[in-house]
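Below are the chains, spelled out letter by letter.
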2 protein chains.
Amino acid sequence: MNQPGSGYLDAAAGLPLHPVAAEAMQAAWQDGWADPSRLTGAGRRSAVLLDAARQAAAAELGVRPDELSFLPSGVHALQQAVLGSLAGRRRAGNVLVHSAVEHSAVFAAADWHRQHGGQALVAGVDPTARVDLAEFVELARGPGVATAVLQAANHEVGTRQPVAEAAGQLAELGVPLVVDAGHELVYGQAPAAAPIFTADARLWGGPAGVGLLVVRQGSRWRPPFPVDEAESGRALGPANVPAIVAAVASLRATRAGRAAEGRRLAGLIERIRDGVPRAVSDTVVLGPDDPAARLPHLVTFSCLYLDGEALLTELDRRGFAVSSGSSCTADTLTPSHVLVAMGALTSGNVRISLHPGVGQADVERFLAVLPEAVAAVRGQAPGSPAARPAPAADAALTDPAPNQDHGPVLDSRGRRCPLPVLDLARALPGIEVGSELTVLADDPAAASDLAAWCRMRGQQLVDQAGLDSGGTAYRVRRLR
Amino acid sequence: MNQPGSGYLDAAAGLPLHPVAAEAMQAAWQDGWADPSRLTGAGRRSAVLLDAARQAAAAELGVRPDELSFLPSGVHALQQAVLGSLAGRRRAGNVLVHSAVEHSAVFAAADWHRQHGGQALVAGVDPTARVDLAEFVELARGPGVATAVLQAANHEVGTRQPVAEAAGQLAELGVPLVVDAGHELVYGQAPAAAPIFTADARLWGGPAGVGLLVVRQGSRWRPPFPVDEAESGRALGPANVPAIVAAVASLRATRAGRAAEGRRLAGLIERIRDGVPRAVSDTVVLGPDDPAARLPHLVTFSCLYLDGEALLTELDRRGFAVSSGSSCTADTLTPSHVLVAMGALTSGNVRISLHPGVGQADVERFLAVLPEAVAAVRGQAPGSPAARPAPAADAALTDPAPNQDHGPVLDSRGRRCPLPVLDLARALPGIEVGSELTVLADDPAAASDLAAWCRMRGQQLVDQAGLDSGGTAYRVRRLR
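Draft legend 1. Structural view of the overall build of chain A. Counting secondary structure elements, chain A contains 14 helices and 15 strands. The C-alpha radius of gyration of chain A comes to 25 Å, within 12% of the 23 Å expected for a compact globule of 480 residues. Along the three orthogonal principal directions, the C-alpha set of chain A runs to about 85 × 55 × 35 Å. Every one of the 480 residues in chain A was classed for burial, and the buried ones make up 55%. Of the contacts made within chain A by residues no fewer than 6 positions apart, 69% connect residues no fewer than 24 positions apart.

In structure tokens, the structure reads:
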């Protein structure tokens, strides 16, 4: 039951209820429906189920049962983890440190913290999205640092972060590390060294409505928002016992076979990493090459010169569900902060994340379908090479203005990504190697995308400057 | 399936999943498991289910779909309602007004508001728990009032509050009213006049994990805590579609028959209100006499000279589940703030709340069992009349000290409620009408319970004063 379908390649966005979870939930509807804090028979039966679930989950995660609380979602848990750690460490200071590629919930918490007088410092990442550990620790060493946050693995590109090293070095500084552990928990290890960590049950086929918050003994943590007596003062309202029982059942079932399943999925991911650039031109696979340095079941690649959402729609039409851009900001127009921080193209990204129902044949089918989906999108894009190999009329290459000497000017203002990048890619071969042209663009994503394209293509972004008339002028030198 | 049992008389603490809800949830596991904000096929199918559920619930409540959000519980919704209204009205001031008998979540929000520099003013209630509307409106008229909160009906004694009048008068003052509507929504009306109202789906057999937050158009409201794009910025994390679909299905199913079912349950409640004082001595039924002034399915009565939790246990042993004291603080040692505000006895209270599976025979069986359960508890209590009709040794009536003339002194220090009341009840007949005795007690509940007993028994609490040695001295005059 509840099979997501073998074309569902978006496991990191959540899975349907695991059969074991569905069975556990239905059973718990009988004996776990009552508020477990009640002194009635029904309440006591609920409490028994809740205690058993907590003990099983704690054993699975290698923590004590009283260190584990259940919240309404992973996002709730992560926010409470971050802001609760800040609240508990108020005497140490009001500075939060986090990496540039955390989940948007961490950025939302950091914004809220800033609005309430706190400070938040951001450590950069390398082009594979791995945090600069030296910078992270250096920031945490600064005055007034209360808490630092680092994900176990990046949710968009799968890159594992050095959480054990970070936790160890921060422990010496007396700064607690909060770890967003969700995606790593499915096939990997719980972050044993982290004083505080969180996860969402939907990643392993648990129901919606269950986040895990672990606060290890001895960690300072205070509820950042009003709570009641539920879950040792870490949650609000009666525990959702049927959903918790189901979440824990599917956690155990999923992790029981995690070593073998992780290896199997890692093999499929390698096939995708290898196959996509062969199948489709102008494609770059993101994240580290070393399989040990990333999640086994997730990969993101960038297809140049196309809009990721359009590709997502073409793939959906062909029976494949994937993510594009930031998984959490896909319906806003801001580019993914993760891809910007990595210096990757923010348009044209596809995230594939596999689940146990996906096999080799599905991956081969995906690789067979991808080229036609990409061609369909590239063909649609106004001004795309496929659609119009002739010089563009809508982004005209004009002679330089008399008062400047940076070569011809390409006016891509009013055009949304990926079009400015496409305009540049088409125009650059028309000038001499060693000379320059200037692109004018006003899409906010152009700043990171033009820079990323130049890096990828070995060209040079010489400089950029704001225009009085709106938008930005990007000077690009042709190097090859 | 999921029958709570006909001895389950604690519907207001939550019901098992309504069969319609279970069926809807199982169906939604197939088509509603995905995050509805996703652009994949699975996401779109989820979004369709969510939209349909929102429209159906909005129609049932008489609001627009875009005015209704789903949160993880009624407590979450209530807290967000109160603090979000305060945040949205920050320019108007930072004063919150609420009644003395609101849900503990409102008190928690008020405490939090105070800790963050705000102010909270509390309007009193009459002995039936009905708010003093004139005082409530007068407080709301004061300078800097941002928001006022009033429940539709009290969760402990069932008293309906004048929300329509309050909303109307406050609208003239420009102060929005937040209404905790949950218990009233099961068999009654949505508070059409309230700009903001909330409820929890567990009250009508919906699953745990669903709270309703209605913010009517034109109401100022701002997220008090960090949120993301979910639920129009009023919630955090992806919507829990299967649970929402189930909650709305059971809301409609329950309310479809609410007029007839409300009348049927009201008849059973009248039988309990009439039968309990006949069946058990020294018992007082709380709340207004007028059936229209209270919820049809809920009643609370006080049994003097016993501990409510002990009675709850005796009833549980005999197959009946009820609540005692404050439903939300039963496992703490603080007396119910609702009962204190009413001036009622805080120990020995039993709340009965009925659900559609309870019939006349169950009520008769309860009335038959209650006297033996009460006798068992009263017999257990050390120093109770049943156990030891002879003068108590553990609460000795001593001669007055030479420097005071308030009659004999009864030292009940170290004895927990209901024992100080019991000591007084036993000792008072031993002194002359018109003369006084002094009770020394240090249980925090003694202050309200001794006063309540005197009112109930037509005796006079002359005065009370703190003792240097700890505890309080209560002077009581025998009037009859």
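And the narrative resumes.
Draft legend 2. Just the relation of the copies chain A and chain B, in detail. Note on the identical chains: chain A maps onto chain B by a rotation of 180° and an axial translation of 0.0 Å, with an RMSD of 0.0 Å. One copy is carried onto the other by what is essentially a two-fold rotation axis. Both copies share a contact surface, since 100% of the interface residues of chain A are interface residues in chain B too.

Draft legend 3. Representation of helix 5 (residues 133-140) of chain B. All names here are of chain B. The complete set of buried residues in helix 5 reads F136, V137, L139 and A140. Here the buried residues of helix 5 occupy an arc of 160° about the axis, which is enough to place them on one side. Turning to helix 5, the residues buried within the fold contact strand 2 (95-99), strand 3 (119-123), strand 4 (145-151) and helix 6 (163-173).

Draft legend 4. The arrangement of the sheet that holds strand 10 (residues 349-353) of chain B in detail. Residue and element names in this part refer to chain B. Spatially, the three strands line up as an open sheet ordered 8-9-10, and their pairing is antiparallel. The sheet is open, and its two borders are formed by strand 8 (283-285) and strand 10, each paired with just one other strand. Strand-to-strand twist across the sheet, computed as the mean angle between neighbouring axes with direction ignored, equals 20°. Across five bridges, the pairing between strand 9 (residues 298-303) and strand 10 is antiparallel. Note on strand 10: the bridge partner recorded for T300 is R351.

Draft legend 5. Focus on the packing of helix 1 (residues 19-31) of chain B against helix 8 (residues 241-256) of chain B. Residues and elements named next belong to chain B. Interhelical geometry of helix 1 versus helix 8 gives an angle of 150° and a closest axis separation of 8 Å. One way to sum up the angle between helix 1 and helix 8 is to call them roughly antiparallel. In this structure, helix 1 crosses over helix 8, and the sense of that crossing is right-handed. On helix 8, the residues that touch V20, A21, A24, M25, A28 and W29 of helix 1 are V241, P242, A243, V245, A246, A247, A249, S250 and A253. Here the contact of helix 1 with helix 8 is composed, by residue class, of 14 nonpolar, one polar and no charged.

Draft legend 6. Representation of the domain arrangement of chain A within the structure. Split by domain assignment, chain A resolves into domain 1 (14-255), domain 2 (259-380) and domain 3 (397-477). Computed from C-alpha atoms alone, the centre-to-centre distance between domain 1 of chain A and domain 3 of chain A is 44 Å.

Draft legend 7. Here's a closer look at the interface of chain A and chain B. Chain A puts 50 residues into the contact, and the matching count from chain B is 51 residues. Elements with a contribution of two residues or more to the side of chain A that touches chain B: helix 1 (19-31), helix 2 (41-61), helix 3 (74-88), helix 4 (104-115), helix 8 (241-256) and helix 10 (308-317) of chain A. The element contributing the most residues to the side of chain A that touches chain B is helix 4 of chain A, with six residues. Per-class residue counts for the side of chain A that touches chain B are 27 nonpolar, 14 polar and nine charged.

Draft legend 8. Structural detail: the sheet that holds strand 1 (residues 68-71) of chain B. Residue and element names in this part refer to chain B. Pairing within the open sheet is mixed, and its seven strands lie in the order 1-7-6-5-4-2-3. Each edge of the open sheet is held by one strand with a lone partner, namely strand 1 and strand 3. Averaged over neighbouring strand pairs, the angle between their axes works out to 20° when direction is ignored. Judged from the four bridges that link them, strand 1 and strand 7 (residues 211-215) form a sheet pairing that is antiparallel. For L68, the partnering residue across the bridge sits in strand 7 and is V214.

Parameters at a glance
- Residues numbered from 1 in each chain as written.
- Chains lettered and ligands numbered in written order.
- Predicted model: local features only at pLDDT ≥ 70, side-chain atom pairs only at ≥ 80, totals over all residues.
- Helix = DSSP H or I, 4+ residues; strand = E, 2+ residues; numbered from the N terminus.
- Rg over C-alpha atoms; globule rule 2.2 N^0.38 Å.
- Buried ≥ 20, exposed ≤ 12 C-beta atoms within 10 Å, placed from the backbone.
- Contact = placed C-beta atoms within 7 Å.
- Least-squares fit on C-alpha atoms with pLDDT ≥ 70 in both.
- Arc of directions from axis to C-beta.
- Pairing = 2+ DSSP bridges.
- Axes fitted to C-alpha atoms, helices over the stretch in contact; angles between N-to-C directions.
- Parallel < 35°, antiparallel > 145°, perpendicular 65-115°, else oblique.
- Left-handed = near helix turned anticlockwise from the far one by under 90°.
- Nonpolar A, V, L, I, M, F, W, Y, C, P; charged D, E, K, R; others polar.
- Domains from an automatic or database assignment.

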